[in-house]
Amino acid sequence: MRRSRQWYIKQFKKLLEKIDVNAEEFFEAAVKIALRFLRREITFDEFVDQIIDLIYKSLEKTMALTLAELRKIYSKLQDIKEELKNMTFSEDGKTLEERIYNICQELYYDHISKEMFIYRLCLIFHNENRYLYQKIKQKAMPSAGLVVFFGCSCDKCSQDSRVYPYNEVPAWPPFHVNCSGDWFEVETDDADDIHDLDLKTE
């Protein structure tokens, strides 16, 4: 069955909407934990542990949701055997736990407000959510396929709309905090179709 780029975009948008609902639930739970800490109902160590536990449980939910939805698109997608901790963002040289610990410390020493703490924590979670989604999606998409970048027009992304073979994609999002860009699969009949797609996106 042939599927258009628009079909893939529609399916992935539905998935991302569900992932965003999970992010809202994370936000609500994180606020409750932060308030308990600020009221000194829990210690700093308990505070850090609970936030880390919350973010991993929420990411596990994202993984299960992403796998279930992507199997509707790619029926041959297998379970992910890689540990969740090894699928978190680490290109900045810091682990997820280190980044969380650092902002918890900033709240503890009154370097940032409760609102700023929640804002920054949610940015971390949003980035991890999208990063995990992309890691799973890369495993699902056919390695011999063609893809095109779509959805984020900011300067930081600096991605064009040319069609690439899957194995020649220059980089995978997220490229920055709150990045909404994504690579979508394209199906073409032959080289002439690829040329036509390039002309349409120039």
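On a predicted model such as this, the values are computed, not experimentally measured, just so you know. (Residues numbered from 1 in each chain as written. Predicted model: local features only at pLDDT ≥ 70, side-chain atom pairs only at ≥ 80, totals over all residues. Heavy atoms only, no water.)

Asks: Any chance you could explain the packing of aromatic side chains here in plain terms?
Replies: Two descriptors summarise a pair of aromatic rings, namely the distance from one centre to the other and the angle between the planes of the rings. Per the counting criterion, the structure on display carries 10 aromatic pairs. With a centroid separation of 4.3 Å and an interplanar angle of 5°, the aromatic rings of Phe-37 and Phe-47 are classed as stacked. Remark: Phe-47 occurs in helix 2 (residues 44-70) and Phe-37 occurs in helix 1 (residues 5-38); sequence separation between them is 10 residues. Ring centres 5.4 Å apart and planes at 85° place the aromatic pair Phe-89 and Tyr-131 in the edge-to-face group. Separated by 42 residues along the polypeptide, Phe-89 in the loop between helix 2 and helix 3 (96-108) and Tyr-131 in helix 4 (residues 114-140) bring together distant segments of the chain. Relative accessible area serves as the criterion here: at 12%, Tyr-131 is assigned to the buried category. Joined through ring pairs, the aromatic side chains of Phe-37, Phe-44, Phe-47, Tyr-101, Tyr-108, Tyr-109 and Phe-117 make up one cluster. (Phe/Tyr/Trp six-rings, centres within 6.5 Å; stacked < 30°, edge-to-face > 60°. Helix = DSSP H or I, 4+ residues; strand = E, 2+ residues; numbered from the N terminus. Buried < 20%, exposed > 50% of the residue type's maximum accessible area, 1.4 Å probe, protein only.)

Asks: For this particular structure, what's the right way to read the confidence of the model for the protein chain?
Replies: Do not read the predicted coordinates in detail wherever pLDDT is low. Of the residues in the protein chain, 84% reach a pLDDT of 70 or more, and the chain-wide mean stands at 82. Per-element confidence in the protein chain is highest for helix 3, whose mean pLDDT is 95, and lowest for helix 5 (residues 191-201), whose mean pLDDT is 44. Throughout residues 189-202 the model reports pLDDT below 50, and contacts reaching past four residues in sequence, or to other chains, amount to 12 contacts. (pLDDT = per-residue confidence, 0-100. Contact = heavy atoms within 4.5 Å.)

Asks: I tried to follow empty space enclosed by the protein on my own but got confused; where do I start?
Replies: In this approach the atoms are scanned with a rolling probe the size of a water molecule, which exposes any empty space left behind. Within this structure, the stated rule accounts for 2 cavities of 30 Å³ or more. Put simply, the largest cavity is a space of about 50 Å³. In terms of lining residues, the largest cavity is bounded by Leu-16, Arg-130, Tyr-133, Gln-134, Pro-173, Pro-174, Cys-179, Ser-180, Gly-181 and Asp-182. Of the residues contributing to the lining of the largest cavity, the split by class is 5 nonpolar, 3 polar and 2 charged. Considered as a void within the structure, the second largest cavity measures approximately 30 Å³ in volume. Lining the second largest cavity are Leu-59, Leu-84, Met-87, Thr-88, Glu-128 and Leu-132. Looking at the lining of the second largest cavity residue by residue, the classes come out as 4 nonpolar, 1 polar and 1 charged. (1 Å grid on protein atoms, 1.4 Å probe; cavity = no way out; pocket = protein on both sides within 12 Å on 5 of 7 lines; lining within 4 Å. Points joined across faces, edges and corners; volume = space filled by probe spheres on them. Nonpolar A, V, L, I, M, F, W, Y, C, P; charged D, E, K, R; others polar.)

Asks: I tried to follow the nonpolar core on my own but got confused; where do I start?
Replies: Here is a general trend for soluble globular proteins: nonpolar side chains tend to be buried in one another's company. Ranked by size, the top nonpolar core spans 56 residues in total, and within it Phe-47, Leu-70, Phe-117 and Ile-136 carry the most contacts. Elements represented by at least two residues in this core include exactly helix 1, helix 2, helix 3, helix 4, strand 1 (146-150) and strand 3 (182-186). Apart from residues no more than four positions distant in its own chain, Phe-117 is found in contact with Ala-34, Phe-47, Ile-103, Cys-104, Leu-107 and Ile-112. (Core = buried A, V, L, I, M, F, W, Y, C linked by side-chain atoms within 4.5 Å.)

Asks: Is there a simple way to explain helix 3 in this structure?
Replies: What sets the pattern is the α-helix's 3.6 residues per turn: residues three or four places apart point alike. Along its 13 residues, helix 3 runs 18 Å from first to last C-alpha, staying within 8% of the 18 Å computed at 1.5 Å per residue. Those residues of helix 3 that sit buried are Leu-96, Arg-99, Ile-100, Ile-103, Cys-104 and Leu-107. Down the axis of helix 3, the buried side of the element spans an arc of 130°, and every buried residue falls inside it. (Expected span 1.5 Å × (residues − 1). Arc of directions from axis to C-beta.)

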